[in-house]
Amino acid sequence: MKARKFTRREVIATTSAGAIGTMINWPLNTLGSGTFAKEKLAVLGGEKVHKGTWPSWPVWDQTAEKEIVDMLRSGRWWRGNGEYVEIFEKKYAELMGAKRCLATASGTTALMTAMETLGVDAGDEVLVSPYTFIATYNAIFFHKALPVFVDTDPETFLMNPAKIDEKITDRTVAIVPVHIYGLPVDMDGVNKVAKAHNLKVIEDACQAWLAEYRGKKTGTLADLGCFSFQNSKHIPAGEGGAILGNDDDVMDRANAIHNCGRPYGKMKPVAGYPYRGGNFRMQQSQALILLSQMKRIIADNDKRLENALYLDKKLKEIPGIIPVKPASGATRAVYHLYPFRYKKEVFNNVPREKFINALVAEGIPATGGYGKQNKDLLFEEAFNSRGYKRLFSEARLKKWRDENSLPGNDQVCDEVVTIYQSNLLASKADMDDIVNAVSKVYENRAELAKS
Ligand SMILES: *Cc1c(COP(=O)(O)O)cnc(C)c1O
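Keep in mind that this is a model prediction, so the values were computed, not measured.

A. Summary view of the site of the ligand. Taken together, 17 residues sit near the ligand, with Gly107, Thr108, Gln207, Ser228 and Lys233 positioned nearest. Contacts to the ligand include aspartate 204, whose side-chain N or O atom sits 2.8 Å from a nitrogen atom. Within the side chain of lysine 233, an N or O atom sits 2.8 Å from an oxygen atom of the ligand. Alone, the ligand offers 380 Å² of accessible surface; in the complex the protein occludes 93% of this. Breaking the shell around the ligand down by element, the ones donating at least two residues are α5 (107-117) and α6 (135-142).

Here is the structure:
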């Protein structure tokens, strides 16, 4: 059976009235209107929509080579006898509009240092978004604290501030909102609850370099903000991380903790080691790579944003495809991945994985988003450990299990389809290929469902 051909009128009827104005200048093939109905899906043996390549990531800048080789030959490889980590910290703080920056070995160690700095301790509870990379939870586990999930808003994919209150207990000490995919969280909402309950707020901005909330950069909107420079990120250096903050005492403490507990800045010098800490330092080679990679971030982000908004505008015309909704106050997203929701009920119940496989076959490198990690085994592994059994009562862990139902997050995990950031650095024609491939799958959904 062929996919039923939609007439233009039927297509218009399935899309919102507000969208009609923008549809007028568009080629029909972006509307799921039958342009591809006679074409065979690539996954079923047809020709693929996108035949070219996609931009690779990361992109090396050869002009950085002389300085790096000079530094390597000098043997001044660690921050203690070199200048580059400090130069990077100054430039990053300036770029982000923060008073201070502390560079770290990774995003995970930035989060761990920030939590230690703000006093997250064994037996504490930390409120966190479940829709994130696993490192966010891991940083909490390293403190022998309990990650407690605040459900995700299914339209924004972000922590819903209205759901925070109900998860606060007398052990809650901090909230960790995550600007996932570079989409800014409603930080006024989060900060308001935090203030009312005297909680610290640490932004996980590990995917949000230069995203903006009410015109200010994410990672500068709470007590501390954490960033990652792992190789897949927008400013890559293999590994690397940073903490931003505006309070000198807090940042001095963070610096001490990341450097074996050695007093720093205005902290009173004391003989021996007065504080606990670790070695979470960035090294010179990371800082030099970052200084060169930082040069491209503004232009790259502009291009990603332009292409993401173009995709939003076109994809929303296809029935069953819903672009992400910005949270209240979000003024600029940076798209570590470009996400949209896929409603399988509009695609003859074709499962999302099959839809993604069909897109990949068309030459579009799509993937799903994060899984339902709140059900992953690491929680029971932690709760059954000797340490957690000592720190948390049976009753508390039972309550955690009873409350570990997150319908908003489940929906996001089931529906989200993503396209990686470097694909957004491709041309307009490549964006049209993405739209056309989704359109083609939609129009051939009946064949796909039967295959
Ligand atoms: C990448 C990432 C981290 C961890 O950063 P690493 O540098 O890989 O340790 C934490 N949170 C989020 C949301 C991330 O994307």
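B. Representation of α6 in the model. Counting buried positions along α6 gives six out of eight residues, so the element sits mostly inside the fold. For α6, every residue scored as buried is listed here: Ala135, Thr136, Tyr137, Ala139, Ile140 and Phe141.

C. Quick look at helix α9 (residues 284-293). With eight of ten residues buried, α9 is to be regarded as a mostly interior element. Turning to α9, the residues buried within the fold contact α3 (65-74), α4 (84-96) and α10 (297-315).

D. Representation of the packing of aromatic side chains within the structure. Within the structure shown, the criterion is met by 25 aromatic pairs. Considering the side-chain rings of tyrosine 131 and tyrosine 181, the 5.8 Å spacing of their centres and the 85° angle between planes classify their relative orientation as edge-to-face. Of this pair, tyrosine 131 sits in the loop between β2 (125-128) and α6 while tyrosine 181 is found in the loop between β4 (172-176) and α7 (187-197), placing the two residues 50 residues apart along the sequence. As far as burial versus exposure is concerned, tyrosine 131 and tyrosine 181 are alike and both buried. Ring plane angle 35° and centroid distance 6.0 Å describe the contact between tyrosine 335 and tyrosine 338, whose orientation is recorded as tilted. Here tyrosine 335 and tyrosine 338 have matching classes, each one buried.

E. Examining the pairing of strand β12 (residues 337-342) more closely. Counting buried positions along β12 gives six out of six residues, so the element sits mostly inside the fold. Residues Leu337, Pro339 and Arg341 of β12 are buried on one face, and the alternating residues Tyr338, Phe340 and Tyr342, pointing to the opposite face, are buried as well. As defined by bridge partners, strand β10 (residues 321-323) adjoins β12 across three bridges and the pair is classed as antiparallel. What sits directly across from isoleucine 322, in β12, is arginine 341.

F. Fine view of the pattern of salt bridges. Overall, the coordinates contain 24 salt bridges when judged by the stated rule. When the shortest N-O distance is used, the salt bridge between arginine 76 and glutamate 83 registers 3.0 Å. Taking relative accessible area as the criterion, arginine 76 reaches 30% and is therefore assigned partly exposed. Classification of glutamate 83 by relative accessible area gives partly exposed; the value is 32%.

G. How the structure looks around the sheet that holds strand β9 (residues 241-245). Reading across from one edge, β1-β9-β8-β5-β4-β2-β3 is the order of the seven strands in this open sheet, with mixed pairing throughout. The open sheet has two edge strands with one neighbour each: β1 (100-104) and β3 (146-149). The average undirected angle you get between the axes of adjacent strands in this sheet is 25°. In terms of strand pairing, β4 meets strand β5 (residues 200-204) through two bridges, oriented parallel. Note that in β5 the partner of alanine 174 across the bridge is lysine 200. In this fold α5 packs onto β1, β4, β5, β8 (224-228) and β9, with an angle of close to 165° to the strand it touches most, β8. Here helix α14 (residues 394-402) sits on the sheet in contact with β2 and β3, set at roughly 35° to β3.

H. Structural context of the domain arrangement of the protein. Taken domain by domain, the protein comprises domain 1 (8-57 + 297-370 + 411-450) and domain 2 (62-295). Each of domain 1 and domain 2 has a C-alpha centre, and the two are 33 Å apart. On the side of domain 2, 36 residues touch domain 1, which itself brings 30 residues to the contact. Between glutamate 155 and lysine 325 there is a salt bridge, with its nearest N and O atoms 3.4 Å apart. At the boundary of domain 1 and domain 2, one finds 19 residue pairs in polar contact (both at pLDDT 80 or more). Of all the secondary structure elements, the ones that give two or more residues to the side of domain 1 that touches domain 2 are α10, β11 (330-332), β12, α15 (407-415) and β14 (416-420). Of the residues forming the side of domain 1 that touches domain 2, the biggest block, four residues, is contributed by α10.

Rules of the game
- Residues numbered from 1 in each chain as written.
- Predicted model: local features only at pLDDT ≥ 70, side-chain atom pairs only at ≥ 80, totals over all residues.
- Heavy atoms only, no water.
- Near = heavy atom within 4 Å.
- Polar contact = N/O pair within 3.5 Å; in protein donor to acceptor, adjacent residues only side chain to side chain.
- Areas by Shrake-Rupley, 256 points an atom, 1.4 Å probe, with all protein chains shown as cover.
- Helix = DSSP H or I, 4+ residues; strand = E, 2+ residues; numbered from the N terminus.
- Buried < 20%, exposed > 50% of the residue type's maximum accessible area, 1.4 Å probe, protein only.
- Contact = heavy atoms within 4.5 Å.
- Phe/Tyr/Trp six-rings, centres within 6.5 Å; stacked < 30°, edge-to-face > 60°.
- Pairing = 2+ DSSP bridges.
- Salt bridge = Lys/Arg side-chain N within 4 Å of Asp/Glu carboxyl O.
- Axes fitted to C-alpha atoms, helices over the stretch in contact; angles between N-to-C directions.
- Domains from an automatic or database assignment.

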